[in-house]
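Chain by chain, the residues:
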Amino acid sequence: MKPAFLAPNLVEHFYVGGPKIGALRGIEVTSPRQPEEWIAATVSRADAPGVGPARTAEGDLLRDLVVKDPRGWLGTETSDGDVGILVKLLDAGERLPVHVHPDRAFAARHLDCPYGKTEAWLVLDATDDAAVYLGWNADVDPDELARARDEQDNAWLLGHLNRIEVRPGDGILVPAGTAHAIGAGVFITEVQEPTDFSILLEWSVTTSTREESHLGLGFDLAMQAVSTKALAADELAALQVHTDLSASAATALALLPEAARPFFRLDLAGAGARMPAGFAAVIVLEGSGTLRGDGDEVEVQQGAALAVPAGFGDWTVTGDARVVVARPGDPVTRAGAR
């Protein structure tokens, strides 16, 4: 069973960006506000049910293919189309808002979903002064946080977050419940649990309203998903790794901290690297070559995006292609995600 090449899947958003996606993927960006491409996605944007799901180059919805052949795609007997991961290319032409994602326990109790939205970022490119923001730099008082949120005190919100200057090869884990933002000039591959759950603490820099910023739960309940504890220096350091993206990758290199593994995995693979059988989303960063699997292979080149089925078996990279490989982590108790 061969991997499927994926059609371009750019997503319009409130913030500007997209040229770096177009350059990597070799596709046309038709709007200044197409800063995201959803790769191998089988879930939709929260506010637009038809936006997000990926199609193959032949035009088939990936979700439909998974439903029709769960054994081939996932190695399971049944599936509602959930592949256990969401992958994005994200080109931030401006700073994104301060926001938080719920964890699995909160989502199961209040959102009827087994997934929260732990995510991680692999920095592909960044301007000299580019930064991301992750976790509070001191404990915050819940009442003061509520005031800053309601008054849209942007300076307070951003000033209370840890600012991290980034460079290509940085891998950063963003645990659910942790306030964060992505700064202008950062181009990333983002891997996350397959949902679009966001609690906006800073909606004034978006097109959303206050009432569209709390997942329909009201802020009294939604804020229970938001940590107010400081992210200490050692905790912050443990959420970051750096990999030289030009380094030899004949053995797959893990691009994220070990704590990401229950949720997802992201590896860099070059010629000779062997990847285990299972669903994966692949983006070819540079070069050309083949992905060679169980009795079959596909030729790839820079910019290609593919969904690799479990039925491809264990597979290897040949040629000078260098690929990032995103895979789901541990299975959740119930398949299916919003």
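Use the structure listed above.
Provide a residue-level description of the overall build of the protein chain, including the pertinent values.
When helices and strands are counted, the protein chain shows 8 helices and 22 strands. On C-alpha atoms alone, the protein chain measures out to a radius of gyration of 19 Å, which is about the 20 Å that the 2.2 N^0.38 rule sets for 338 residues. Structurally, the protein chain occupies a C-alpha span of about 60 × 45 × 40 Å along its principal axes. Scored against the burial criterion, the 338 residues of the protein chain give a buried share of 56%. If you take every contact in the protein chain between residues at least 6 apart in sequence, the share linking residues at least 24 apart comes to 73%. Carbon together with sulfur atoms contributes 48% to the accessible area of the protein chain, which is approximately 13,400 Å² in total.

Pulling in residues and values, what's your account of the nonpolar core?
Ranked by size, the top nonpolar core spans 57 residues in total, and within it I39, V166 and I182 carry the most contacts. The element that contributes the greatest number of residues to this core is strand β6 (residues 119-126), accounting for 6 residues. What I39 contacts, discounting residues up to four positions off in sequence, is L6, R25, V87, L89, A281, I283 and A305. If you look at the next biggest cluster of nonpolar residues, it comprises 28 residues, including V98, L157, A225 and V226.

Describe the pattern of salt bridges, listing the residues and the values that go with them.
For the coordinates displayed, the defined rule picks out 24 salt bridges. E193 serves as the salt-bridge partner of R104, at 2.5 Å between the closest nitrogen and oxygen. Here R104 is found in helix α4 (residues 104-110), whereas its partner E193 is found in the loop between β11 (186-192) and β12 (199-200), with 89 residues between them in sequence. Given a relative accessible area of 1%, E193 falls into the buried group. Beyond isolated ion pairs, a larger network of salt bridges with shared partners links E144, R147, E151 and D153.

Lay out the sheet that holds strand β22 (residues 322-328) with the relevant residues and their values.
Across a sheet, paired strands are connected by hydrogen bonds in the backbone, their directions being either parallel or antiparallel. Overall, antiparallel pairing links the 6 strands, which are arranged β1-β20-β17-β22-β15-β14 in an open sheet. Strands at the two margins of the open sheet, each flanked by one partner only, are β1 (4-5) and β14 (253-254).

Please provide a residue-by-residue account of helix α5 (residues 142-150), values included.
Listing the buried residues of α5 in full gives L145, A146, A148 and R149. Burial along α5 is one-sided: seen end-on, the buried residues are contained in an arc of 165 degrees. N-cap assignment for α5: the residue whose side-chain oxygen lies 3.0 Å from the backbone N of D143 is D141. Immediately beyond the C-terminal end of α5, within one or two residues, lies Q152, with a positive phi of roughly 50 degrees.

Lay out the side chain of E193 with the relevant residues and their values.
Within the local environment of E193, its side chain forms a polar contact with the side chain of R104, the two groups lying 2.5 Å apart. Ignoring any residue separated from it by four or fewer positions in sequence, one finds E193 in contact with L86, R104, Y115, G116, K117, T118, F263 and F264.

Give a description of the packing of aromatic side chains that names residues and reports values.
Going through the model one piece at a time under the given rule, you end up with 5 aromatic pairs. For the ring pair W136 and W156, a centre distance of 6.2 Å and an interplane angle of 55 degrees mean the geometry is tilted. You can see W136 sitting in strand β7 (residues 131-136) and its partner W156 sitting in helix α6 (residues 154-159), a full 20 residues away along the chain. We note that W136, like W156, is buried. In this structure, R149 is placed above the aromatic ring of F219, and the distance from its NZ or CZ to the ring centre is 4.3 Å.

I'd like to hear about the sheet that holds strand β2 (residues 10-11), residue by residue, with values.
One open sheet holds the 7 strands; their spatial order is β2-β3-β4-β11-β6-β9-β13, and the pairing between them is antiparallel. Bordering the open sheet on either side are β2 and β13 (240-242), each of which pairs with just one other strand. The pairing of β6 with β11 spans 7 bridges and is classified as antiparallel. Residue pairing across strands places D125 opposite F187, the latter belonging to β11.

Explain the pairing of β11 to me, and be specific about the residues and the numbers.
The buried fraction of β11 amounts to 7 of the 7 residues, a majority that puts the element mostly inside the structure. Residue alternation in β11 divides its side chains into two sets, V186, I188, E190 and Q192 and F187, T189 and V191, and both sets are buried.

Go over the side chain of T56 with me, naming the residues and quoting the values.
Note that T56 resides in the loop between β3 (36-39) and α2 (62-68). A relative accessible area of 2% places T56 in the buried class. Contact partners of T56, with chain neighbours within four places excluded, come to A4, F5, L6, A7 and L65.

Outline unusual backbone geometry, listing residues and values.
One non-glycine residue with positive phi stands out, namely D112, at about 55 degrees. Assessed through its relative accessible area of 56%, D112 is described here as exposed. In the Ramachandran plot, Q152 falls in the positive-phi region, its phi being about 50 degrees despite a non-glycine side chain. Secondary-structure assignment places Q152 in the loop between α5 and α6.

If you had to explain the environment of V317 to someone new, which residues and values would you point to?
One can find V317 in strand β21 (residues 315-319). Residue V317 is classed as buried on the basis of its relative accessible area, which comes to 2%. With residues up to four places along the chain from it excluded, the contact list for V317 reads A269, G270, A271, G272, A273, T290, L291 and V323.

Reading the values: the criteria
- Residues numbered from 1 in each chain as written.
- Predicted model: local features only at pLDDT ≥ 70, side-chain atom pairs only at ≥ 80, totals over all residues.
- Heavy atoms only, no water.
- Helix = DSSP H or I, 4+ residues; strand = E, 2+ residues; numbered from the N terminus.
- Rg over C-alpha atoms; globule rule 2.2 N^0.38 Å.
- Buried < 20%, exposed > 50% of the residue type's maximum accessible area, 1.4 Å probe, protein only.
- Contact = heavy atoms within 4.5 Å.
- Areas by Shrake-Rupley, 256 points an atom, 1.4 Å probe, with all protein chains shown as cover.
- Core = buried A, V, L, I, M, F, W, Y, C linked by side-chain atoms within 4.5 Å.
- Salt bridge = Lys/Arg side-chain N within 4 Å of Asp/Glu carboxyl O.
- Pairing = 2+ DSSP bridges.
- Arc of directions from axis to C-beta.
- Polar contact = N/O pair within 3.5 Å; in protein donor to acceptor, adjacent residues only side chain to side chain.
- Phe/Tyr/Trp six-rings, centres within 6.5 Å; stacked < 30°, edge-to-face > 60°.
- Lys NZ or Arg CZ within 6 Å of the ring centre and 35° of its normal.

Any functional reading would require information that these geometric values do not contain.
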